[in-house]
Amino acid sequence: MPRKTSKKPQPPKLPKGEAEQVRIRREIGHDFALREDGFGRQRLTAGTAEARRVYDVSNGGYTSTGGVVRLRNVDPLTGITSLTRQQREAGQRFRDDFERASRQGLQPQSWSERVDTGPARSGDPTISAGRAHAHATAALAHWEVAAIVRGVCLEGQSVKALAERTGEGRDVVVKMLKIGLDLLAVHYGMLGRKAG
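What counts, and at which threshold
- Residues numbered from 1 in each chain as written.
- Predicted model: local features only at pLDDT ≥ 70, side-chain atom pairs only at ≥ 80, totals over all residues.
- Heavy atoms only, no water.
- Axes fitted to C-alpha atoms, helices over the stretch in contact; angles between N-to-C directions.
- Helix = DSSP H or I, 4+ residues; strand = E, 2+ residues; numbered from the N terminus.
- Left-handed = near helix turned anticlockwise from the far one by under 90°.
- Contact = heavy atoms within 4.5 Å.
- Nonpolar A, V, L, I, M, F, W, Y, C, P; charged D, E, K, R; others polar.
- Salt bridge = Lys/Arg side-chain N within 4 Å of Asp/Glu carboxyl O.
- Buried < 20%, exposed > 50% of the residue type's maximum accessible area, 1.4 Å probe, protein only.
- Core = buried A, V, L, I, M, F, W, Y, C linked by side-chain atoms within 4.5 Å.

**So, the packing of helix α7 (residues 143-154) against helix α8 (residues 159-166)**
- Relative to each other, α7 and α8 sit at 140 degrees, their axes nearing to 10 Å. Regarding α7 and α8, the two cross each other, and that crossing is right-handed. Counting all contacts with α7, which are made through A147, I148, G151 and V152, the residues of α8 involved are L162, R165 and T166.
- Across the contact of α7 with α8, the residue classes tally to 4 nonpolar, 2 polar and 1 charged.

Now the structure itself:
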């Protein structure tokens, strides 16, 4: 009598094009939005803005043979490949503080809350988000650096658009952006202060 062997469950097929998108992201180092599924395969994180972006590669689809990568609906924080992980995280946190503060808006308080001389309370989350954003903006230290960081993180402008608007070269805009994101990373405690 033949012995029954238990078959391993077969992984479900990937949606059309996902395997290619995963391969392209790994080739160019944009693997921060990938996760492993239950079968050990790298997959796009479903439901995220990063998963909806489409990477196109010319020259047969491979960067190793000189293909140029084009990214549709690019978020400048992920599209600038020379940014470090801490710089991306600091820019995202700056964006989150701004969105939280602007989404909730300023809400009036009663006078008793404003005049209260009792112990400090944690306060309204809207005010806390606004205060956190204001402190982070102050940490940027210089108005030109702050304008570049706001343009990329909050307005979603490209380096090219900011270079045209400011009259500076792209390399200058990228350098100011990196300085600003480093200042934010130090402010948020993601990066230690450098001596000197």
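On we go from here.
**Notes on the pattern of salt bridges**
- Enumeration over the complete set of coordinates arrives at 8 salt bridges.
- Two residues, E27 and R23, come together in a salt bridge whose shortest N-O distance is 2.8 Å. Of the two residues, E27 and R23 are both situated in helix α1 (residues 18-28); the distance of 4 residues between them amounts to about one turn of the helix.
- The exposure class of E27 is partly exposed, given its relative accessible area of 33%.
- A salt bridge links E89 to R85; its shortest N-O distance comes to 3.0 Å. Placement of both E89 and R85 in helix α4 (residues 85-104) is noted, with a separation of 4 residues, approximately one turn of the helix.
- The exposure class assigned to R85 is exposed, which follows from its relative accessible area of 52%.
- Three or more residues are tied together by salt bridges with common partners; here these are E18, D37, R41 and R43.

**Topic: α7**
- Within α7, burial applies to V145, A146, I148, V149, G151, V152 and C153.
- At the C-terminal side of α7, G156 shows a positive phi close to 70 degrees.

**Regarding the nonpolar core**
- Core analysis: the largest hydrophobic core is formed by 24 residues, its most contacted members being F94, V149, L177, L181 and L184.
- Contributions of two or more residues to this core are made by α4, α7, α8 and α9 (170-187).
- Broken down by element, this core gets its largest block of residues, 7 residues, from α9.
- When neighbours within four sequence positions are excluded, L184 is seen to be in contact with A90, F94, A136, L140 and V149.

**A few points about the side chain of D37**
- By the element assignment, D37 lies in the loop between β1 (34-36) and β2 (42-44).
- A relative accessible area of 14% places D37 in the buried class.

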